[in-house]
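Coordinate inspection notes
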Amino acid sequence: MAIIEARGLRKQYGTTVALAGVDLHVEEGRILGLVGPNGAGKTTALDAMLGLIPYQGELRVLGRDPWMERDQLMRDMCFIADVAVLPRWIRVSQLLDYVAGVHPRFDRVKAEGFLAKTNIHRTSKVRQLSKGMVTQLHLSLVMAIDAKLVVLDEPTLGLDILYRKQFYDSLLNDYFDRQRTIVVATHQVEEVQHVLTDLIFIDRGRIVLSCSMEEFESRFAEVTVNPEQLAAARALKPIQERLVFGRSILLFDGVQRGQLSALGEVRTPSIADLFVAVMEGRANTAQGAAA
Amino acid sequence: MNVKPNAIAESSVASPSAVAADVPAARLLVWSIRRELWENWSIYVAPLAVAGLVLFGFLIRLIGFPARMRALSALDVAHQRDAIQGPNIMVAGLLMVTGMLVGAFYSLDALYGERKDRSTLFWKSLPVSDVVTVASKASIPIFLLQLLVAAIIVVTQTIMLMASSAVLLGSGQSASTVSTHVPWVQMSLMMFYHLIVLHGLWHAPFYAWLLMVSSWARRTPFLWAVLPAIAIGMVEKVAFNTRYFGDMLIYQLTGGSGIGASRDMAPLDMLGHFEPGRELGTPGLWIGLAVTALFLFVATRLRRQRGPI
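Residues numbered from 1 in each chain as written. Chains lettered and ligands numbered in written order. Predicted model: local features only at pLDDT ≥ 70, side-chain atom pairs only at ≥ 80, totals over all residues.

Brief notes about the overall build of chain B
When you go through chain B residue by residue, the secondary structure sums to 15 helices and 0 strands. Residue burial in chain B is summarised as follows: out of 309 residues, 32% are buried. Taking the contacts inside chain B whose residues are at least 6 apart along the sequence as the reference set, 82% of them involve residues at least 24 apart. (Helix = DSSP H or I, 4+ residues; strand = E, 2+ residues; numbered from the N terminus. Buried ≥ 20, exposed ≤ 12 C-beta atoms within 10 Å, placed from the backbone. Contact = placed C-beta atoms within 7 Å.)

With respect to the packing of helix α11 (residues 204-216) of chain B against helix α12 (residues 221-240) of chain B
Residue and element names in this part refer to chain B. Remark: α11 packs on α12, axes separated minimally by 9 Å, with the N-to-C direction vectors making an angle of 130 degrees. By the angle between their axes, α11 is oblique relative to α12. Pair α11 / α12 crosses with right-handed handedness. Facing W209, L210, V213 and S214 of α11, the residues of α12 in contact are P221, W224 and A225. A per-class count over the contact of α11 with α12 returns 6 nonpolar, 1 polar and no charged. (Axes fitted to C-alpha atoms, helices over the stretch in contact; angles between N-to-C directions. Parallel < 35°, antiparallel > 145°, perpendicular 65-115°, else oblique. Left-handed = near helix turned anticlockwise from the far one by under 90°. Nonpolar A, V, L, I, M, F, W, Y, C, P; charged D, E, K, R; others polar.)

Section: the interface of chain B and chain A
Taken residue by residue, the interface counts 31 residues in chain B and 32 residues in chain A. For the side of chain B that touches chain A, the elements supplying multiple residues, two or more each, are α1 (4-13), α2 (25-39) and α7 (120-123) of chain B. Sort the elements by how many residues they give to the side of chain B that touches chain A and α2 of chain B lands first, with 6 residues. For the side of chain B that touches chain A, the per-class residue count stands at 17 nonpolar, 6 polar and 8 charged.

Structure below.
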């Protein structure tokens, strides 16, 4: 069964089109990264999946219509939408009591176990915790919920590097298995690269790239081209060319690695580099069209 | 932490291996109400503080009480009754006003605050429907707060009664003067009835209105709640030179005892003119409850739609 199935998903705020017809198909056991610049429609797409906003088009999450059935849906999915949404007045013990009281799939013992590894006291109020600790607390709650789908929207925004690393480490080691599915929207692409199984670039409400990480690795290649072979390399139509320490680095889409290795040193690009290349390419096309 | 053993037992029952059954709506409601009380401790602290202050003042007043009673014993029964019942009625009135203020400000913030501090995104990530959430928030000013205020009033009055009796006994006078003038059981029952029926049910549309504005306003819910009422009243006055809207609000506030009644006597006296059951038969009460249901329905729809601000 598809965990998320969207067809022609649209959302408009006044005259601003936030989602311009998005098709999406996410299978069980995937970790999907949703990457895009500010205002690209990432959060809008996630909000639609979480039943937080109405939308046009077709959308099924775990077989349900999120807008009409948010509360039932939340038994099987959970989300960390943005950082620091835990109520500041609540005590950690109250938070545990409350979630244990209302959530049929919450395992309090597990949550206490995760919290025991942190410096968070049961008697503290959320307002007394640092930003990193609030995120740890939220993650401890979410990981103690036996959910089929976890949605994360910029879960590590504003955290220092230690917490950021820890966040994905615990999520992968202590929580993720093939029965769960994770969708994460983030700017911090470099820290999710090794985590993802699937990647989607989204820009101005549209999906501009959608591939699995295996595809990503076979399709895209970055070559530090030997100066004498630059002309030959350019003939293969790189999607981006840039200079680093006086050497040309060219990014190719769908060119055989065998062909490229003759031109210089070949690597798999980072998601961040590919992202910049794709976005620049789109900006240039748009300019070209305008001119 | 006393909740721990219990909670562990609970969670082992609801362990992931077991088929996660639905959490019954009643349990969701109870937990949501508990959550409201954790957040808004002013609901019980404010009336308790007022009761404490009044008691403190009353104890000081008791110093001169035996002498005053001696002087009063020469007077007629009506004066004696007033001297003893006076403070009792005053404490009830003060606590009722406190309850109304607490209820109003609670309702104005209930669905606005969670959007303002963005915690609505957390609450919405849990399997609790908007209907349960709004119901839990509405039940606070309409039922819980009123029960609590009634209980605090009765306890405070009892303490005052016992204290005056003790003081009278200590000064060698008969305490029966106090008990004959204060029919305790009747007064206590009436207090609960009054709070639930008038302050709860008759005032329900006001609280529901405040909750609705609270779920709708992007800023200054207080102004949005109050200004339209003033505007309607003023437009009516200018256009038709009538004041039906204002009268309607007063009618609802006073529990249908009429505009004349509310002007001619202090609201506290209403307790003396109480006929249990009369209010329940008034169509005004039921119309008010229908309006309450409408406002709460709209609040529920708005809660689903509105995100953090």
